[in-house]
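Below, each chain spelled out in residue letters.
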Amino acid sequence: MERQYRHTASRRRPRTERVRTEQVRTEQIYTDTGKKTAGSYTDAAGSSLREQKIQTVSLRELARRLKRGRVERDLRVDNVRGALIILVVIGHFLLPLYWTRLVTNLIYLIYVFHMPCFVMISGFYAKNICKKGRFRWGKIVQLLWLYFVFKMMVHITEGMLAGRLPLFPDFLHESGAPWYLFSLSVWYLSIPLMRRFREYPLNAIVIVSVMIAVIFIKYFVTVEDFLCIDRTLSFAPFFYIGYFYNQENLDSYLAGRARKGIGILAPLFAAAVFFLTYDHLMLYHIVVYGAQYNRYFPDLFPWLWLVNLVWYLIAFIMSMGLIGVMPGCRMRVLTKLGQRSLQVYMLHRPIRDLLQYFGMYEVLSAHSKLTVLLVVLSSALLAVLLGTDPVYRGFQHIRTAPDRLLLKLGAL
């Protein structure tokens, strides 16, 4: 009777109480006390779990544990990244066209800010490279693996375009699209040092110091594209801006007056770049590639520090302007593209080279505005297609190739 009474009472608990006390069981994980087994697991923060008893936790507590130690994705930032990867594809497909006024202005409207903004977002999401005082060096290996794969792909397609294919690519020099992956690995390596300066005003001092150092060190460093040092240096300030910029800063910017002011300045700068580049700014155009100063005309040499400073300012304001106007909700196309931008970045370039090899650009006339519009729309469509699920599943096999070994080594 007593057992039956208890059973009946438990069934008659109010529904709200049953929902409030809903619990889940965590998976029981066995490890040897003195060593990890091959089947040991890691928790969401990356630390090894010791043998645990089966325990019950609330759903809210479980979600909190899973999110602990990682940077949560911001849908607004993902949407911005989705828009940026479309611009990357458009810019790369416009480059082989004859540079008319329209094509030139479109290219530099994109190039003046799209990679600086991309690098900022990469810095924003780089905060979890160190977890519980442990540097996750496996992330560096992942990037270098993708750099190797990307270099091999463009080595083949660029060799086809050039009419000769060397046996091995030059991994030590890179000025094309793969530079971003190598530079990102270098910036990651600097995080154990930079994370000591995360608090204001130290972070602001670091950003300004890096910017000033980069602007003036290029007067003396002429390494060009060796180990991507030219672009690694030039884009480093944007990475550290993103790294020191946290979610609280972003929310404050979106709710404050700065967003309105930048919302006015960004379109003005964009209009100036679009309408003035071809006729007045081509002397300085290579600044958007992070070029070394020895590539400019000698007459500009004394003023190149100012040229770079102006570019930093314009790129930052246009980047923040895009972030400010981007919706913060899930968008069917942009959000998915933003979360899968890496595969689009790596796959679109060989496709463009192959289309160029088979003569696509020989039949396109850049003097036709309709043709330019067609290239823009086709490029955007290709970006969307490269972000679809079948491509994602296939790319994952390439991207995660070293992950099993890195997990065994505890590097992730």
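Residues numbered from 1 in each chain as written. Predicted model: local features only at pLDDT ≥ 70, side-chain atom pairs only at ≥ 80, totals over all residues. Heavy atoms only, no water.

Colleague: Explain the overall build of the chain to me, please; I cannot follow it from the model alone.
Modeller: Helix and strand counts for the chain come out as 19 helices and 4 strands. Considering only intrachain contacts with a sequence separation of at least 6, the fraction spanning at least 24 residues in the chain is 81%. Of the roughly 22900 Å² of accessible surface on the chain, 63% is carried by carbon and sulfur atoms. (Helix = DSSP H or I, 4+ residues; strand = E, 2+ residues; numbered from the N terminus. Contact = heavy atoms within 4.5 Å. Areas by Shrake-Rupley, 256 points an atom, 1.4 Å probe, with all protein chains shown as cover.)

Colleague: What should I look at first to understand the pattern of salt bridges in this one?
Modeller: Pairs can form between side chains of opposite charge whenever their charged atoms are close. Taken as a whole and judged by the stated rule, the model has 7 salt bridges. K151 is the salt-bridge partner of E174, the closest N and O atoms lying 2.7 Å from each other. Here K151 lies in helix α7 (residues 138-162) and E174 lies in the loop between α7 and α8 (179-189), a separation of 23 residues in the sequence. Taking the shortest distance from any N to any O, the salt bridge between D353 and R352 comes out at 2.9 Å. When its relative accessible area of 0% is taken as the criterion, D353 is described as buried. Shared partners join several salt bridges into a network, and the residues in it are E158, R349, R352 and D353. (Salt bridge = Lys/Arg side-chain N within 4 Å of Asp/Glu carboxyl O. Buried < 20%, exposed > 50% of the residue type's maximum accessible area, 1.4 Å probe, protein only.)

Colleague: How should I be thinking about the nonpolar core in this particular structure?
Modeller: Within soluble globular proteins, side chains that are nonpolar tend to cluster in buried spots. Of all hydrophobic cores here, the largest spans 102 residues; its most connected members are Y180, W187, Y188, F239, Y240, W311 and Y345. Here W187 is in contact with V119, W179, R231, T232, F235, A236, F239 and Y240, once residues within four sequence places are set aside. (Core = buried A, V, L, I, M, F, W, Y, C linked by side-chain atoms within 4.5 Å.)

Colleague: Which parts of the structure should I look at to understand a nonpolar patch on the surface?
Modeller: A surface patch of nonpolar side chains, about 400 Å² in accessible area, is lined by L161, L354, Y357 and F358. Here F358 lies in the loop between α16 (341-357) and α17 (369-386). (Patch = residues over 30% accessible without salt bridge, like charges linked within 9 Å, V, L, I, M, F, W, Y side chains within 5 Å.)

Colleague: Would you explain unusual backbone geometry in this entry?
Modeller: Glycine aside, the phi torsion of most residues is negative, and most peptide linkages are trans. Y200 connects to P201 through a cis peptide bond whose omega is 10°. Relative to the helices and strands, P201 is located in the loop between α9 (191-194) and α10 (202-217). A positive phi angle is found at L227, which is not glycine, with a value near 55°. For L227, the position within the fold is in the loop between α10 and α11 (229-244). Within the chain, C228 stands out as a residue other than glycine whose phi angle is a positive 55°.

Colleague: How should the environment of M120 be read in this particular structure?
Modeller: With respect to the helices, strands and loops of the structure, M120 is situated in helix α6 (residues 114-124). When near neighbours in sequence (up to four residues on either side) are disregarded, M120 contacts F238, I241, G242, F316, S319 and M320.

Colleague: What is the right way to look at α7 in this model?
Modeller: Helical geometry: 3.6 residues make up each α-helical turn, so side chains three or four residues apart lie on a common side. The end-to-end C-alpha distance of α7 is 35 Å, a good match for the 36 Å that 25 residues give at a rise of 1.5 Å each. Phi for G163, located one or two positions after α7, is positive at around 85°. (Expected span 1.5 Å × (residues − 1).)

Colleague: Honestly, the environment of C117 in this entry has me stumped. Any pointers?
Modeller: Positionally, C117 belongs in helix α6. Distance from C117 to V80, taken between C-alpha atoms, is 8.8 Å for residues 37 residues apart in sequence. If near-sequence neighbours (up to four positions away) are discounted, C117 is found in contact with V80, L84 and S319.

Colleague: Would you mind going over the confidence of the model for the chain with me for this structure?
Modeller: A low pLDDT means the predicted coordinates there should not be read in detail. Considering every residue of the chain, the mean pLDDT works out to 85; 83% of them sit at 70 or more. Below a pLDDT of 50 lies the segment residues 1-70, which in the model reaches 59 contacts outside its immediate sequence neighbourhood of four places, other chains included. (pLDDT = per-residue confidence, 0-100.)

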